[in-house]
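Structure at a glance
Listed below, chain by chain, are the residues.
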Amino acid sequence: MKRALITGVTGQDGAYLSQLLLGKGYKVYGLLRRSASADVVGERLRWLGILDQVELVDGNLTDISSLIRVLQDTAPDEVYNLGAQSFVKASWNQPLLTGNVTAMGAGNMLEAVRLVRPQARFYQASSSEMYGLIQEASQSEKTPFYPRSPYAVAKLYAHWLTVNYRESFGLHASSGILFNHESPLRGIEFVTRKVTDGVARIKLGLAKELPMGNLDATRDWGHARDYVRGMWLMLQQDTPDDYVLATGRTVSVREFCRLAFAHVGLNYEDHVRVDEAFMRPAEVDVLLGDPAKAKRVLGWQPDVQLEQLVAEMVEADLKRHSARG
Ligand code: GDP
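Nothing here was measured: the structure is a model prediction, and the numbers come from that model. (Residues numbered from 1 in each chain as written. Predicted model: local features only at pLDDT ≥ 70, side-chain atom pairs only at ≥ 80, totals over all residues. Heavy atoms only, no water.)

Concerning the site of the ligand
Glu-129, Lys-194, Arg-219, Arg-280 and Glu-283 are the nearest of the 18 residues found near the ligand. One nitrogen or oxygen atom from the side chain of Arg-219 is found 2.8 Å from an oxygen atom belonging to the ligand. In the model, an oxygen atom of the ligand is placed 2.6 Å from a nitrogen or oxygen of the Arg-280 side chain. Each residue belonging to the shell around the ligand can be placed in one class, and the counts come to nine nonpolar, three polar and six charged. (Near = heavy atom within 4 Å. Polar contact = N/O pair within 3.5 Å; in protein donor to acceptor, adjacent residues only side chain to side chain. Nonpolar A, V, L, I, M, F, W, Y, C, P; charged D, E, K, R; others polar.)

Written out as structure tokens, the structure is:
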């Protein structure tokens, strides 16, 4: 039985990746950071019905001693580093905490793997946010980076350190540069979930309007379930490498709103209100990924189209709010 250790196991991708690996017969360990809100940590794993199948182990990305102990205890074949302070806007309010967790946390894990478990295969969750102020119309593994937030700067450090540990120490370390990927398990602070949750509340008469930030930004949005499959595929290759996972289609926040409201027969223009509070000090205007390498080498491509994703998310939020009411 293969063993996997996942950081960020309580997040969207951690939950879907756990589900995928359990389905393949893995023993799955999830690193769990002590926090005050311990009662909600298992929410996503519970939603997928797998909370009791993932073994949660105590540790923290900012404490290398805990990572060393966990690697010794769990002896994983594969380590997926998904843990991060991952909300871009919050990274301006807590830039150094974001650096500690998102950048140094990855460094701690790489160093712990090198010292304790160098035979393990390592996956780093890199981000399309690293492209920021885009240098090419369509972004591939070869496109230069230009980060536009403390979050993206931190992710860039983790990305290059992963590459460097591969080249310096021969670790089987791969970096997945994932474009935005969403699902009903997406955190409510991200724009897609904020919109589908808002649509559900408005449809059910629980709210009238939805305050939003920049509607003109465009993103390449896929489904998280497709993207965790890509992570796993990267670690099944003989040679570690870096891969872009994306759909190759970019759509504006405005269009996402239109689709989500239209799904329940509403016009977004009647409900969406632009509010300066949701604008960012520096914006990433456009992201569009080129997933050709992942398709060629990994045989990966996304199954879920944006319209299906929107429908699934709106339906899930309608269900959640109906159940509460
Ligand atoms: P990101 O690409 O990791 O920053 O993912 P987000 O889902 O947080 O944001 C995607 C885009 O939506 C960014 O360009 C935001 O500026 C834009 N956006 C517009 N309104 C909102 C909003 O109310 N909340 C969030 N999170 N993003 C918004």
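Next, the rest of the story.
Some points on the domain arrangement of the protein
Domain boundaries assigned for the protein yield domain 1 (3-181 + 221-245) and domain 2 (187-219 + 250-286 + 304-324). Taken together, the contacts link 16 residues of domain 1 with 25 residues of domain 2. Both sides together, the interface formed by domain 1 and domain 2 hides about 1900 Å², and carbon and sulfur atoms give 61% of it. Contact with domain 2 buries area across many residues of domain 1, yet Phe-87, Lys-89 and Trp-221 alone supply 39% of it, more than any other trio. Taken together, domain 1 and domain 2 are joined by one salt bridge. Between Arg-219 and Glu-129 there is a salt bridge whose closest N-O contact spans 3.6 Å. Applying the counting rule to domain 1 against domain 2 returns four residue pairs in polar contact (both at pLDDT 80 or more). When contributions to the side of domain 1 that touches domain 2 are tallied by element, the ones reaching two or more residues are helix H2 (43-47) and strand E10 (222-223). (Domains from an automatic or database assignment. Contact = heavy atoms within 4.5 Å. Buried area = accessible area lost by both parts, 1.4 Å probe. Salt bridge = Lys/Arg side-chain N within 4 Å of Asp/Glu carboxyl O. Helix = DSSP H or I, 4+ residues; strand = E, 2+ residues; numbered from the N terminus.)

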